[in-house]
Amino acid sequence: MGKFVLNVNGASVSVDAAPDESLLYVLRDQLQLTGTKYGCGGGQCGACTVLLDGRATRSCLTLVAAAAGAKIVTIEGLEHGGRLSEVQQAFLDEGAFQCGYCTSGMILSATSLLRGKRNPSDDEIVAGMNGNVCRCGTYPRILAAIKRAAQLKAQGAGR
Amino acid sequence: MSARNEFEREFFEGGEWTPPGGWQFDRRDFLRLFGGGIFVGLASGPALAQESGRSFGGHPLPKDVGAWLHIAADGGVKVFTGKVEGGQNIRTSLAQQVAEELRAPFDTIEMVMGDTALTPYDMGTFGSRSTPTMGPQLRTMAAAARQMLIESAAARWGVDEATLVAADGKVTDPKTKRSLSYGEITRGENLVKVVSSDEALTPASDWKIAGTAVPKAHGRDFVTGKHVYPSDVVRPGMLFGAVLRPDGFNAKLKSIDTSAAEKLPGVKVVRDGDFTGAVAADRITAQHAAKAIKANWEVPGQPGNKDLFDVLKSGSGNDGEARPQHVAGSVAQAMDGADIKLEEQYTVQYIAHAPLEPRAAVAEWNGDKLTVWTGTQRPFGVRDELVQAFGIPEENVRVIQPDMGSGYGGKHTGEAALEAARLARAAGKPVKLEWTRREEFTWAYFRPAGVIEIRAGARRDGELVAWEHHNYNSGNAGIGTPYNVANQIIQYHPVESPLRQGSYRSLAAAANHFARESAMDSLAHQAAMDPLEFRIKNLSDPRLIAVFRAAAERFGWGRVKSTSERGFGIAGGTEKGGYVATCAEVAIDPTTRQVRIRRVVQAWESGAIVNPDGLRNQVSGAIVQGIGGALFEQILFADGRIQNAAFAQYRLPRFSDVPQIEVVLLDRKDLPSAGAGETGIVGLAPAVGNAMFAATGVRPRGLPMAPRTAAPGQPEPRLRS
């Protein structure tokens, strides 16, 4: 076991974890941030996606040691003062989920995508999001939600 | 946590509660548990309804109550049903129907679902039954409750109840303009009523809340990570479990050494018959412990993909005496006289449900009482499994189903619940067990593989004269043809399956429609008829004709001819009260031989639409899920082992596989609402296969039709996806 200091959703937290423990399970089991989901454990579905220094990262493949020192943002950290992020709001507006289990990972991957590309084309969204699986098949709505989020962000920036 | 949990606390820790197996509580219980209010139960038997009203005198209520509803003094409505939510959106659509009949705002309705201690017994959430059966039951209760509220207000004002109006959570006297909210009426009341199913219900043409696109209940919790899925449940003092899995199916344990695992700090190894697992305070230690157990297994030789279809075909020898379930006229005679003849064999491989949330459970013992939180489509079925496994009375077991990360027919069973309960009993503490993806791929069950044989004949003018359909192993659902054929033999041949198999979205209807609608396309081609006109010529069901016409119209069917690089296909059918027609366009790259679905138009009709937005989501999702089984999903297995038990090897539909999708909904307000979660999947595979045929002249006869590599024993696919 080792001690690690993590910066999660703007707060500094100290955790005890085995060095081969993944960030996913430190978040879920120790910090009770259960919005981050296990889907495959192999970085193949995107359900566990979090932001590490703003970039979408598979927390199931990220050792806790590697996450120490980075700014970690989980789905629980996107809402500010009761206000949803543009991506969260857009997913809600578009009803871009069925069971919702993939939604956290989708939202964080989309958040990362929109940081790099303000107004992505359909092809860019598909390329950027292809590592995230929605087994319920709501991809068309998720795509629409990401485009809507881009608009919301543009409107917000213009204000 | 949600209001529901506070409610549970009140409900449970308030005192004794006889769970619904022996559901009888009297007036005192009612007062204690609900603090008064209005309580309406729906008797599932016909003769059980009794008017209790104010004269309810402590008699036990009938035991076989199918659902119940309570209106509290604050006007809040709680509806109790054993159905479960797994993404199909019934938490929302059922609440809409209650709100509609009760004339109450949607957000005053809270659905309490899938909890064996709180909700009435329910067989399970499958077969597209929630909308056609639970919907009318809840509407009936809500209509009865509305009437009670009106009567109560009328008595208070001393007016004729017929002059009062219930709307928007209030009863109003239009003459005096005075009104009472449901909460005001309910306050101080202790009304109990059990109703039967003869209440007059609001026709769909008058719906104001049902029939509209109400957003998903608690939708915000799904974009903030707040929703608690089964795998998210945490209990005080909870340990983590891991289970030792055999080396293969039907394996025998030859020897086991748990000493290394037991030396790990804080680990307890649990052995219980064939079951071996480990618990520890944290997940990774439990997993290390399970890995440290040295076990030798003997795995017997078993069939694999290589001989799968031969095994299924020859395995049907046992039912040689079984009669076909449907025979009409004489197929043999009609085939002799047919101008156009067809005899084709179709195959489907096993596929996995792969719900994104694998099986998970938290089990907690309190003496000989057991509570399990788990993701399942059959909480009462899982309760029965636990009762059997542990030999404890039914009333000692409570199964709670937090809205789960999907199922698609794949979560009927309680494996993780049983394993977690075993571990928890041995550990003396609550235990969480989450299956890994590999475990879910290996130790759950599969959509059945199958062999389907079609023999058919038609006259030169396109009239069908003979139809013979044999399904080996994959199942019965959707096996009957909707087309008019005088001479028919329809037979399902049950077979011992090499792999564990079970329900899957639409059951065998997807496989049977693939075979039938592909064969219909072949016949149309042989008759030199347009595939749509050939179908219409042999149909008389106006609902099926309507969806075919609607899909064709939106798609622009027949306007453009297929080429070798661009093919168009159509298919359709009906099952479980849903009507579907699908048009597909595929693009084929002549050099890479890669096939891509470019556009899908699907028309859907399932009676009166309860929630058009939810319905559209279901129909579109079924198309996307259907793409996997149509083009590339298949379980690879040999010698008792699954060889592609990971998403990297078992390909799922992703963003890049999704075509342009257009869903055309037909709203039949004059017809009862049918379920819509399943049948929307049956049109995609044959429509795509028919489009591939239109482009290439070669008919795909096996699902999946275009995998990257063929399963052993199968020819290399002509096209790849």
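Calculation notes
Residues numbered from 1 in each chain as written. Chains lettered and ligands numbered in written order. Predicted model: local features only at pLDDT ≥ 70, side-chain atom pairs only at ≥ 80, totals over all residues. Heavy atoms only, no water. Pairing = 2+ DSSP bridges. Helix = DSSP H or I, 4+ residues; strand = E, 2+ residues; numbered from the N terminus. Axes fitted to C-alpha atoms, helices over the stretch in contact; angles between N-to-C directions. Contact = heavy atoms within 4.5 Å. Phe/Tyr/Trp six-rings, centres within 6.5 Å; stacked < 30°, edge-to-face > 60°. Buried < 20%, exposed > 50% of the residue type's maximum accessible area, 1.4 Å probe, protein only. Lys NZ or Arg CZ within 6 Å of the ring centre and 35° of its normal. Expected span 1.5 Å × (residues − 1). Polar contact = N/O pair within 3.5 Å; in protein donor to acceptor, adjacent residues only side chain to side chain. 1 Å grid on protein atoms, 1.4 Å probe; cavity = no way out; pocket = protein on both sides within 12 Å on 5 of 7 lines; lining within 4 Å. Points joined across faces, edges and corners; volume = space filled by probe spheres on them. Nonpolar A, V, L, I, M, F, W, Y, C, P; charged D, E, K, R; others polar.

(A) Region of interest: the sheet that holds strand E3 (residues 49-52) of chain A. All names here are of chain A. In spatial order, the strands read E2-E1-E5-E3-E4; together these five strands make up an open sheet with mixed pairing. Where the open sheet ends on each side, the last strands, each with one partner, are strand E2 (11-17) and strand E4 (55-58). Here the average twist between neighbouring strands, direction ignored, is 45°. Two strands pair when backbone bridges link them, and E3 and strand E5 (residues 71-73) are joined in this way by two bridges, in the antiparallel orientation. Residue leucine 52 lies in a different strand from E5, and its bridge partner there is isoleucine 72. Packing of helix H1 (residues 23-30) onto the sheet brings it into contact with strand E1 (2-8), E2, E3 and E5, and relative to E2 it is tilted by some 100°. The strands touched by helix H4 (residues 103-116) are E3, E4 and E5; relative to E3, the strand with the most contacts, the crossing angle is about 35°.

(B) The arrangement of the packing of aromatic side chains in detail. For the coordinates displayed, the defined rule picks out 17 aromatic pairs over all chains. Ring centres of B:Phe555 and B:Phe568 lie 5.8 Å apart, and the angle between their planes is 75°; this geometry places the pair in the edge-to-face category. In this pair, B:Phe555 is assigned in helix H16 (residues 542-555) and B:Phe568 in strand E24 (residues 566-575), connecting sequence segments 13 residues apart. Of the two residues, B:Phe555 and B:Phe568, both sit in the buried class. Within the aromatic cluster, the residues linked to one another by ring pairs are A:Phe97, A:Tyr101, B:Phe222 and B:Tyr229. The ring of B:Phe632 has B:Arg651 sitting right over it, with the charged end atom 3.8 Å from the ring centre.

(C) Representation of H16(B). All names here are of chain B. With 14 residues, H16 should cover 20 Å at 1.5 Å per step; its first-to-last C-alpha distance of 20 Å lies within 8% of that length. Within the span of H16, buried status applies to Arg543, Leu544, Val547, Phe548, Ala550, Ala551, Ala552 and Phe555. The N-cap of H16, judged by a side-chain oxygen 2.9 Å from the amide nitrogen of arginine 543 a few residues on, is aspartate 541. Positive phi shows up at glycine 556, right after H16, with a value of about 80°.

(D) Quick look at the layout of surface pockets. Of the volumes computed, that of the second largest pocket is approximately 1200 Å³. Taken together, 46 residues form the lining of the second largest pocket, with B:Gln287, B:Lys291, B:Thr436, B:Arg438 and B:Glu439 sitting closest to its centre. Those elements that place two or more of their residues in the lining of the second largest pocket are H1 of chain A together with strand E10 (239-243), helix H8 (283-292), strand E20 (431-434), helix H13 (437-443) and strand E28 (641-642) of chain B. Ranked by the residues each element gives to the lining of the second largest pocket, the list is headed by H8(B), at six residues. When its residues are assigned to classes, the lining of the second largest pocket shows 22 nonpolar, 12 polar and 12 charged.

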